[in-house]
Amino acid sequence: MKKIILLLPLLSLSCFAAVDSETKNHSVGFGIGAMYSGIGTNFSFVSKTDLKYISAGCTAYSSMTGSECGVGVGWIKTDLFDSNSNKHGFGVYVGSVGKESSYSNTSTSNGVEYYRHENNIYGVGVSYTYFMNGIDHSGTTFGISIHATNAEFESNYGGFFQVGYQF
């Protein structure tokens, strides 16, 4: 799984083709935030007013536990509040937002045995994204998101700041 996530940005580069901006219906992006599953990439289907994406990225790395990588899906719309601009997007997403570890021990006839348990943390959230050139054009994105998680030991709420580029 980790090899696939690491190769996804390279495979995404093959998606770049000379596409007329009037007929563009898909986009590839790189960045940090919910739209990119941490630090990562996304592939999206784009219209004049919305963007539906699948993302893959990593939220953390530790020399002891390794990387915390995962995938996500989301939907961003720019016409929720009857705006004339397609630069302000409000969205929802679901995906991997981290990993948590817990430890336990058991007394046996040989002494105490220690166990380490790892669980993926999944989140459901809402986001705001600003598209510098509009949702249906290439350009820089900025945003913020908040999410609720299924964490047992970590906080059940979190969020991401977002900076990225959609091609």
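Before reading further, recall that the structure is shown in the block above.
First things first, this report covers the structure right here in the doc. (Residues numbered from 1 in each chain as written. Predicted model: local features only at pLDDT ≥ 70, side-chain atom pairs only at ≥ 80, totals over all residues. Heavy atoms only, no water.)

**Section: a nonpolar patch on the surface**
Logical step 1: Together, Ile32, Ile39, Met132, Phe142 and Val163 give the surface a local cluster of nonpolar side chains, amounting to about 440 Å² of exposed area.
Logical step 2: Residue placement: Phe142 occurs in strand S7 (residues 139–149).
Logical step 3: The class for Phe142 is partly exposed, based on a relative accessible area of 38%. (Patch = residues over 30% accessible without salt bridge, like charges linked within 9 Å, V, L, I, M, F, W, Y side chains within 5 Å. Areas by Shrake-Rupley, 256 points an atom, 1.4 Å probe, with all protein chains shown as cover. Salt bridge = Lys/Arg side-chain N within 4 Å of Asp/Glu carboxyl O. Helix = DSSP H or I, 4+ residues; strand = E, 2+ residues; numbered from the N terminus. Buried < 20%, exposed > 50% of the residue type's maximum accessible area, 1.4 Å probe, protein only.)

**Side note on empty space enclosed by the protein**
One way to see where empty space is left: roll a probe the size of a water molecule over the atoms.
Logical step 1: Applying the stated rule across the entire model yields two cavities of 30 Å³ or more.
Logical step 2: Quantified by volume, the largest cavity comes out at close to 60 Å³.
Logical step 3: Around the largest cavity sit 14 residues that line it, and Ala34, Ser37, Tyr93, Gly95 and Ser96 are the ones nearest its centre.
Logical step 4: Among the elements of the structure, strand S3 (50–62), strand S4 (66–77) and strand S5 (88–108) are those that each provide at least two residues to the lining of the largest cavity.
Logical step 5: The leading source of residues in the lining of the largest cavity is S5, at five residues.
Logical step 6: Across the lining of the largest cavity, the residue classes tally to eight nonpolar, six polar and no charged.
Logical step 7: Of the volumes computed, that of the second largest cavity is approximately 30 Å³.
Logical step 8: In this structure, the second largest cavity is lined by Phe131, Met132, Asn133, Gly134, His137, Ser138, Gly139, Thr140, Thr141 and Gln166. (1 Å grid on protein atoms, 1.4 Å probe; cavity = no way out; pocket = protein on both sides within 12 Å on 5 of 7 lines; lining within 4 Å. Points joined across faces, edges and corners; volume = space filled by probe spheres on them. Nonpolar A, V, L, I, M, F, W, Y, C, P; charged D, E, K, R; others polar.)

**As for the state of the cysteines**
Logical step 1: All chains considered together, the criterion is met by one disulfide.
Logical step 2: In this model, Cys58 is linked to Cys69 through a disulfide, with the two sulfur atoms separated by 1.9 Å. Taking the sign of the S-S torsion, about 85° here, the bridge from Cys58 to Cys69 comes out right-handed. Taken as a pair, Cys58 in strand S3 and Cys69 in strand S4 lie far apart in primary sequence, eleven residues in all. (Disulfide = S-S within 2.5 Å.)

**A closer look at the side chain of Thr78**
Logical step 1: Mapped onto the secondary structure, Thr78 falls in the loop between S4 and S5.
Logical step 2: Apart from the residues within four sequence positions on either side, Thr78 is in contact with Lys48, Thr49, Ser83, Ser85, Asn86, His88, Gly89 and Ile135. (Contact = heavy atoms within 4.5 Å.)

**Focus: the sheet that holds S3**
Logical step 1: Taken in spatial order, the eight strands close into a barrel running S1-S2-S3-S4-S5-S6-S7-S8, and their pairing is antiparallel. For this sheet, the mean angle separating the axes of adjacent strands, direction not counted, is 25°.
Logical step 2: In the sheet, S7 pairs with strand S8 (residues 157–166) via ten bridges, with the strands oriented antiparallel. Directly across from His147, in S8, lies its bridge partner Gly158. (Pairing = 2+ DSSP bridges. Axes fitted to C-alpha atoms, helices over the stretch in contact; angles between N-to-C directions.)

**Brief notes about the pattern of salt bridges**
Logical step 1: Enumeration according to the criterion identifies four salt bridges in this entry.
Logical step 2: Ionic pairing is found between Lys48 and Asp136, a salt bridge with its closest N-O pair at 3.3 Å. In this pair, Lys48 is assigned in the loop between strand S2 (38–46) and S3 and Asp136 in the loop between strand S6 (111–131) and S7, connecting sequence segments 88 residues apart.
Logical step 3: Asp136 sits in the buried class, given a relative accessible area of 9%.
Logical step 4: The partner of Lys52 in a salt bridge is Asp50, and the shortest N-O contact between them spans 2.9 Å.

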